[in-house]
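# Summary of the model geometry
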Amino acid sequence: MHFQKLAINERAAAVNRNLERAVNAWVRGRDLFRSRIGLRGRAAAYDDLHYEFLGGPSDELRRKHYDKSLRLLWKAQGALPWSTFRDQSAQERRAALVELDALAERALNEEERELRERITSREFRDLLDREYTARQKEAVVAILTAIGHGEAYAWLVSASLLPHVQSTGARAALTMQVLEEAKHFVVMRELVLAFGIQPPRQSAWEYLLLEGTLKSKGLDRFFGMNILVESIALSIFGGLSTLPGLEVLRLFHLDESRHTALPANYFKEFPMSARQRSSARSRLRRLGMALPTLPLIMLLEPDLAELGIDAFDFAGSVMRKVTHLSLRAGFLNEREAARQNRLFNEAFNAYCRLTRPDHERRDFMSAETTAGRAELAVEREVFGAH
Ligand SMILES: [Fe+2]
Ligand SMILES: [Fe+2]
């Protein structure tokens, strides 16, 4: 390549270089000094000398979360052709139809595929009317809205966590979660509205659970959101995804399972201090965050029952996953985890003795309300044998 090199004023160039060096030393020195005396220094946790965020590259976290999320990124138009979403390219539309076959665990023939692709919102509503009674629709909407409000907070919480995680890989991972929670919120909203029933407000328990999580300190939000709320979400999606018209929940389920694994993967690279992990105060804070879960499930009991799901099988299924994830992330040790599971089981049985005339003691903690084969396989991967 031949360039016609232009003449420059060497003196001016030298002055500019020296001026920059002096200002650079001053701004960085000032910010370093300010942060050392407890004032706000550099705002970005960014290390421009190494072209990385503070904490380093964390390629493993990037691979496990960011890369995987992109690989599994799904578009609403493919899963809900009747919705208002137009987020697929023509090529993606063709590919998605084949993938949907695999997800639905059955092969559609060409004609069925076309039918599926053409399904309009009117036809989708007709399908809901055919498949569900008014009371059943109300139950589905109540349960889905409870987690729909959770998706709004998941979006807020994951975005608010961005300044609190270290490394390039962890930020890339969390950014994908922000994107997926945004999608979950807007897609869930449209799905719920298709039922034609006014979605209920947040219950007081959801309000306390979600506000408590959003207001909690730094990485405690990982516990409140990725472990607690996501386990509830995962279990709801796993319990409802085999119902007619709700097949898209399998895709939500897949995303949430990845989100629940993030704290353990993150703390493996950036361990919590002993104080953060197990001081009496942090435990009490986490317990306080978790407490509204139980009355929330009790409140949902009539709606779950309407769909044939025992609220305490559901609660056992959720809390076993919460305990497992807390153990993996280092919030609990083996002994505490076993004690926590026993305690929940006692509490559930005590409540059932009070409210169910023929109650016989059961091990609710070994119950599994996730129904789909694909969903159970995904959970086995995240939770191991449980
Ligand atoms: Fe979500
Ligand atoms: Fe999530």
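On a predicted model such as this, the values are computed, not experimentally measured, just so you know.

### Points about the nonpolar core
Counting 75 residues, the largest nonpolar core has Ile143, Ala173, Phe314 and Ala315 as the members making the most contacts within it. At 13 residues, the largest contribution of residues to this core is made by helix α7 (residues 134–161). Aside from chain neighbours lying at most four places away, what touches Ala173 is Leu61, Arg62, His65, Tyr66 and Leu262.

### Side note on helix α16 (residues 334–355)
Taking 1.5 Å of rise per residue, the 22 residues of α16 would be expected to cover 32 Å, and the 32 Å separating its terminal C-alpha atoms lies within 8% of that figure. For α16, the set of buried residues is Gln340, Asn341, Phe344, Asn345 and Phe348. Seen along its axis, α16 keeps its buried residues to an arc of 130°; they face one direction. Pointing more than 90 degrees away from the buried face of α16 are the exposed residues Arg335, Arg342, Glu346, Ala350, Arg353 and Leu354. The elements touched by buried residues of α16 are α15 (311–329).

### Comments concerning the domain arrangement of the protein chain
Accessible area lost upon the coming together of the parts is a frequently used measure of interface size. If you check the domain split of the protein chain, you get domain 1 (10–43) and domain 2 (58–383). If you average the C-alpha positions of domain 1 and of domain 2, the two centres end up 47 Å apart.

### Re the packing of α7 against helix α10 (residues 220–240)
The geometry of α7 relative to α10 is characterised by a closest axis approach of 10 Å and an angle of 145° between their N-to-C directions. For the pair α7 and α10, the crossing hand works out as left-handed. Seen from α7, the contacting residues are Ile143, Ile147, Gly150, Ala154, Val157, Ser158, Ser160 and Leu161; seen from α10, they are Arg221, Met225, Val229, Ile232, Ala233, Ile236 and Leu240. Split by residue class, the contact of α7 with α10 holds 11 nonpolar, 3 polar and 1 charged.

### Notes on unusual backbone geometry
Unlike most non-glycine residues, Tyr51 shows phi in positive territory, near 55°. Along the chain, Tyr51 turns up in the loop between β1 (46–47) and β2 (52–53). Given 9 C-beta atoms within 10 Å, Tyr51 falls into the exposed group.

Conventions and cut-offs
- Residues numbered from 1 in each chain as written.
- Chains lettered and ligands numbered in written order.
- Predicted model: local features only at pLDDT ≥ 70, side-chain atom pairs only at ≥ 80, totals over all residues.
- Core = buried A, V, L, I, M, F, W, Y, C linked by C-beta atoms within 7 Å.
- Buried ≥ 20, exposed ≤ 12 C-beta atoms within 10 Å, placed from the backbone.
- Helix = DSSP H or I, 4+ residues; strand = E, 2+ residues; numbered from the N terminus.
- Contact = placed C-beta atoms within 7 Å.
- Expected span 1.5 Å × (residues − 1).
- Arc of directions from axis to C-beta.
- Domains from an automatic or database assignment.
- Axes fitted to C-alpha atoms, helices over the stretch in contact; angles between N-to-C directions.
- Left-handed = near helix turned anticlockwise from the far one by under 90°.
- Nonpolar A, V, L, I, M, F, W, Y, C, P; charged D, E, K, R; others polar.

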